[in-house]
Amino acid sequence: MNTDEIMALALGMVGFKEIPADSEIYVSGDNIRRVLFGVDIGSAELLMAKDQGYDAVIAHHPVGGRARVEAWRVFEKHVDQMTEMGVPEALARAAIQRKMSTLEHEAHSANYDHVASIARHLQMPFMNIHNPLDELGRRRITDEISRLFSGKNDATLADVISAIEAIPEFERALTEVKLRHGSLSNKAGRTVFSHAAYTNGGYEVAKAYYAHGVDTVLYIHIAEADLAKLKVDRVGNLIVTGHIASDSVGINPFIAQLRGKGVEVEIISGII
């Protein structure tokens, strides 16, 4: 395979027509048979891959180039997810503005060529695939939640947590699925797994869901300051699934596809 074909495989698995802003091929390559794949990749991992004879390196998180500078644009996907759950579009857009602005400012100051330049210097084919794999994970966990509710109309937050913890990646994780806001005995009600929009929506996105008929929001992580605001409001329930395990839920089906095409994939840096 080549790097274009690897990216196309990921896009095809979720029906995307274009490479999202948080994913990129930094250094193209052909005849790829051995891949080193990690959640986070830096200069050390690139040097290791070169030394150990890998044909390409794949990161999950964006580390450079356009994907580092413009990844914040993917945050707008929260709008589509919120409107699907009944949040009016104008209010959904208002809910993302503060954090999206913060993400854009942070990206503007980043050294977007650090790791990518090392890959070019080593002539190591290098890419990252973020949103397509997060979307795979979002669909996989959403399907698990749907199966729970199809057989249990009065599912509690404890039931939701148990269903997620039964997914193999969560069974292997060092972290636990955490109830951050609410009580385990609370009815889960209308539940959404808010993921695959670059990063979590924070306080404003969760608040918009709660104000428009969603009872329980699942994030893969949340800042303490945002959580504190939600607790002050005393509305809704929040479950945090855990960053690395949740990322792996989307990455592993893609790795299985790569291996099915004859590519040897070695996992490091958080993939479980």
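Up top is the structure.
Quick caveat, the model's predicted, so the values are computed rather than measured.

Caption draft 1: Expanded view of the side chain of serine 248. Position of serine 248 among the secondary structure elements: in helix α12 (residues 243-260). We classify serine 248 as buried; its relative accessible area is 0%. Once residues within four sequence positions are removed from consideration, serine 248 is found in contact with Glu169, Pro253, Gly270, Ile271 and Ile272.

Caption draft 2: Spotlight on helix α10 (residues 202-211). With eight of 10 residues buried, α10 lies mostly within the body of the structure. What α10 keeps buried is the set Gly202, Tyr203, Glu204, Val205, Ala206, Ala208, Tyr209 and Tyr210. Its buried side turned inward, α10 meets α4 (77-84), α5 (89-108), β6 (191-193), β7 (216-219), α11 (224-233) and β8 (237-240). Where α10 ends, the next residue or the one after it, glycine 213, has phi of about 90°, a positive value.

Caption draft 3: Spatial organisation of the packing of helix α2 (residues 43-51) against helix α6 (residues 114-122). Orientation of α2 relative to α6, taken along the N-to-C sense of each, is 15°, at an axis distance of 9 Å. The pairing of α2 with α6 is recorded here as roughly parallel in orientation. α2 and α6 meet at a crossing whose hand is right-handed. Counted together, Ser43, Leu46, Leu47 and Lys50 of α2 and His114, Val115, Ile118, Ala119 and Leu122 of α6 form the full contact between these two elements. Its residues assigned to classes, the contact of α2 with α6 shows six nonpolar, two polar and one charged.

What counts and how
- The residue numbers shown here count from 1 along each chain, following its written sequence.
- The predicted nature of this model means local features are confined to residues of pLDDT at least 70 and side-chain atom pairs, given and counted, to a pLDDT of 80 or more, with totals for whole chains, interfaces and linings taken over all residues.
- For the side-chain quantities, the full set of heavy atoms in the structure was used; hydrogens and water were omitted.
- Secondary structure elements are defined from DSSP: runs of H or I of at least 4 residues count as helices, runs of E of at least 2 residues count as strands, and each element is numbered from the N terminus.
- Burial here depends on accessible area, computed with a 1.4 Å probe over protein chains only, as a share of the maximum for the residue type. Under 20% is buried, over 50% is exposed, and the range in between is partly exposed.
- By definition, residues are in contact when any of their heavy atoms lie within 4.5 Å.
- Each axis is a line fitted through C-alpha atoms, taken for helices only over the stretch in contact, and angles between the N-to-C directions span 0 to 180 degrees.
- Our angle categories are set so that under 35 degrees counts as roughly parallel, over 145 as roughly antiparallel, 65 to 115 as roughly perpendicular, and the remainder as oblique.
- Take the far helix as the reference: if the near one is turned anticlockwise from it by less than a right angle, the crossing is left-handed, and if turned clockwise, right-handed.
- Classes in brief: Ala, Val, Leu, Ile, Met, Phe, Trp, Tyr, Cys and Pro nonpolar; Asp, Glu, Lys and Arg charged; the others, Gly included, polar.

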